[in-house]
Amino acid sequence: MTETEPLLLYNTLKREKQVFVPQDPDRVTLYVCGPTVYSFAHIGNARPPVIFDLLYRVLSTRYPNVVYARNITDVDDKINAAAAEQNVPIEVISKHYTDIYHKDMAALGVGAPSIEPRATDHIPQMIQMIQRLLDSGHAYETDGHVLFAVESFADYGSLSGRNITEMMAGARIEVSDFKRHPGDFVLWKPSVAPQPGWESPWGWGRPGWHLECSVMSEFHLGETIDIHGGGQDLVFPHHENEIAQSVCAHAGKTFARYWMHNGFVTMNKSKMSKSLGNTLVIHELLKDNPGEVLRYLLLSAHYRQPLDWSEEALVRAQRTTDRIYGVIRDASTKFGPFEAKTASEKFMSSLLDDLNTPDALAELNNEARRLANAEDVEAAQISAGKLLAAGALIGLFQQDPESWLAGDTEGLDDALIDQLIEERNSSRKEKNFARADEIRLQLQEMGITLEDVADGTRWRRSND
RNA sequence: GGCCAGGUGGCAGAGUGGUUAUGCUGCGGCCUGCAAAGCCGUCUACGCCGGUUCGAUUCCGACCCUGGCCUCCA
């Protein structure tokens with residue numbers, strides 16, 4: 001029974017798949033680290049929102065109230081640097097790139113989270129948490145900074161599998177002389193002149209990055225949350241530090257019960273990152289590719305595996321999505337209209353098994369083949385109902401197939417196309433195939449591929 | 001150096017102790033005036049060496065290789 005099949009999630013804390021059991025089935029809580037809005041998001045940055053958007057959708061099929069928070073980091077030294085460089089207030093930078101981020105996400109079929117807290121709206125709560133950490137002896141003030149004392153938290157390193165003493169030995173960290181321990185990290189730091197700052201008991205300053213997520217998660221979701229997600233590169237130190245802060249600020253209570261981390265998008269096998277300069281910006285990719293193709297590609301590998309991005313991979317994703325839309329269209333003209341019913345159990349099982357999207361997409365492709373092979377209305381309705389429902393859940397194949405296949409018709413003259421098709425068909429009737437093929441070639445050069453079907457001739461945008 | 005992933009057919013990418021992943025590409029076929037689209041079929045797959053087993057790509061051990069984190073990073 002689908003209702004009782006457990007949801008399995010790989011928990012980084014335990015390094016194994018576990019049955020997901022929420023602390024409160026009437027309020028499931030999910031927190032995912034969102035973007036720092038200082039520049040365009042690249043396709044690697046898109047992986048967590050896409051993956052956790054899917055997790056949110058899956059959770060929502062079984063729990064009535066899933067609260068999903070994905071923050072916006074709008075106070076950060078990189079934003080300050082960008083603002084200084086362009087000589088504008090930091091709000092201009094963060095607003096600008098937040099807007100772009102929202103558009104990018106919408107294009108990728110990523111729904112809005114339940115809550116999208118901004119760091120700058122939570123400064124008083126941050127100051128309070130720092131005060132609690134100071135009062136309980138987990139933090140100390142020095143040289144205008146407030147630092148978290150890593151050695152005050154016995155479990156420090158449990159998420160990432162490190163221990164403090166070994167870290168000390170690895171003398172690769174340049175130790176600031178005001179730190180008691182090289183692993184101590186900043187909770188609050190002083191600001192000067194153009195930098196953003198707020199009044200605090202420790203002077204005018206701004207919060208450290210790690211603190212933001214602990215505070216916003218506590219404020220909106222509570223002291224113990226069900227699932228915390230993010231990219232693998234956040235395991236250490238970011239998530240480790242969040243755990244330290246939150247557990248110590250909450251008298252030892254568990255911070256997040258399940259930790260999920262996605263693998264990287266790579267380019268030629270190495271991590272896509274701004275420092276390596278091998279990024280592909282979503283905003284740019286969307287100029288040449290439908291967001292749905294990008295989403296399909298992002299879901300085509302398991303979320304914990306690396307996903308190697310390439311032009312070939314994009315073409316593959318485009319062809320596959322085209323094929324499925326083509327099948328839906330063909331079947332629809334014969335046996336439609338269709339409406340989404342319920343996704344198949346096999347499809348659901350794949351998703352419930354730690355979001356095995358490649359397996360789910362395989363089943364979706366199988367369903368498309370069944371639809372293409374359907375010989376009567378009943379069979380077609382059943383297959384299409386499953387296919388469309390599966391697509392709705394995973395965020396694919398919800399567009400009108402005709403317009404999908406026509407693609408971006410900007411710059412095309414529909415009347416001319418229709419006229420040429422008409423002329424070609426009369427040539428064909430007169431068995432003037434030379435002229436007919438000439439017209440087809442002409443359209444091909446315009447980027448139009450013709451398809452002769454039982455009830456006439458139709459066209460679509462050519463692949464590649 | 002410490003810790004963590006992973007090495008699957010032409011490519012991408014799931015999965016499994018013994019039976020078809022799936023997609024893209026190539027090849028053959030059906031259909032078509034020819035194409036296109038779709039469908040059908042098809043191409044010595046599981047890094048290397050041992051071990052456990054009736055049987056291992058799948059479990060165990062060693063080895064080789066790749067990538068990631070240890071500093072901002074999704």
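Just above, that's the structure.
Below is a summary of the structure that appears in this document. Treat the numbers as computed from the prediction; the structure is a model and nothing was measured.

Counted under the stated rule, the structure contains 1 cavity of 30 Å³ or more. Considering only enclosed or pocket space, the largest cavity measures out at about 40 Å³ in volume. For the largest cavity, the full set of lining residues is Ser344, Phe347, Glu363, Leu364, Glu367, Lys386, Leu387 and Ala390. The set of elements that each furnish at least two residues to the lining of the largest cavity consists of helix H12 (357–373) and helix H13 (377–394). A per-class count over the lining of the largest cavity returns 4 nonpolar, 1 polar and 3 charged.

What follows deals with the nonpolar core. By size, the foremost hydrophobic cluster in this structure holds 75 residues, and its most contacted members are Ile43, Trp309 and Phe347. The element contributing the most residues to this core is helix H10 (residues 311–335), with 9 residues. Each of domain 1 (8–262) and domain 2 (310–399) contributes no fewer than three residues to this core. Not counting residues within four places of it along the chain, the set of residues in contact with Trp309 comprises Ile43, Val265, Thr266, Met267, Met272, Leu280, Leu285, Leu294, Leu297, Leu298 and Leu314.

All right, on to the protein's contact with RNA strand B then. By nearness alone, 54 residues border RNA strand B, and Trp209, Gly231, Leu234, Thr320 and Arg440 come closest of all. The sugar-phosphate share of atoms of RNA strand B within 4 Å of the protein amounts to 66%. In this structure, a base nitrogen belonging to RNA strand B sits 2.9 Å away from a main-chain N or O atom of Gly44. A distance of 2.8 Å separates a base nitrogen of RNA strand B from a polar atom in the backbone of Val265. Of all the secondary-structure elements, those providing two or more residues to the surface near RNA strand B are strand E9 (225–231), strand E12 (270–271), H10, H12, helix H15 (414–429), helix H16 (433–445) and strand E14 (448–453). The leading source of residues in the surface near RNA strand B is H12, at 8 residues. Split into classes, the residues belonging to the surface near RNA strand B amount to 15 nonpolar, 19 polar and 20 charged.

Each value, and the rule that gives it
Sequence positions are assigned chain by chain, starting from 1 and proceeding in written order. Chains carry letters and ligands carry numbers; both start at the beginning, A for chains and 1 for ligands, and go up in the order they are written. Reporting in this predicted model follows two pLDDT cut-offs: at least 70 for local features of residues, and 80 or more for side-chain atom pairs to be given and counted; totals over whole chains, interfaces and linings ignore these cut-offs and use all residues. Excluding hydrogens and water, the side-chain values take into account all heavy atoms of the structure. In the cavity and pocket records, a cavity denotes points on a 1 Å grid over the protein atoms alone where a 1.4 Å probe fits but cannot get out, a pocket denotes an open set with protein on both sides within 12 Å along at least 5 of 7 lines, and lining residues are residues with an atom within 4 Å of a point. Grid points are joined across faces, edges and corners, and a volume is the space filled by probe spheres set on the points. Where helices and strands are cited, they refer to DSSP runs of H or I of at least four residues and of E of at least two residues respectively, numbered from the N terminus. Think of it as three bins: nonpolar holds Ala, Val, Leu, Ile, Met, Phe, Trp, Tyr, Cys and Pro, charged holds Asp, Glu, Lys and Arg, and polar takes everything else, Gly as well. Among buried residues, the Ala, Val, Leu, Ile, Met, Phe, Trp, Tyr and Cys ones that are joined through side-chain atoms within 4.5 Å form a nonpolar core. Residue burial is assigned from relative accessible area. The probe radius is 1.4 Å, only protein chains are included, and a residue is buried under 20% of its type maximum, exposed over 50%, and partly exposed in between. For each domain, the first and last residues come from an automatic or database assignment. The contact rule is simple, with two residues in contact once any of their heavy atoms fall within 4.5 Å. Residues are labelled near a given molecule or strand when at least one of their non-hydrogen atoms is within 4 Å of it. As used in this structure description, the phrase polar contact means that two N or O atoms lie within 3.5 Å; if the pair is within protein, one of them must be able to donate a hydrogen and the other to accept it, and residues adjacent in sequence are counted only when both atoms belong to side chains.

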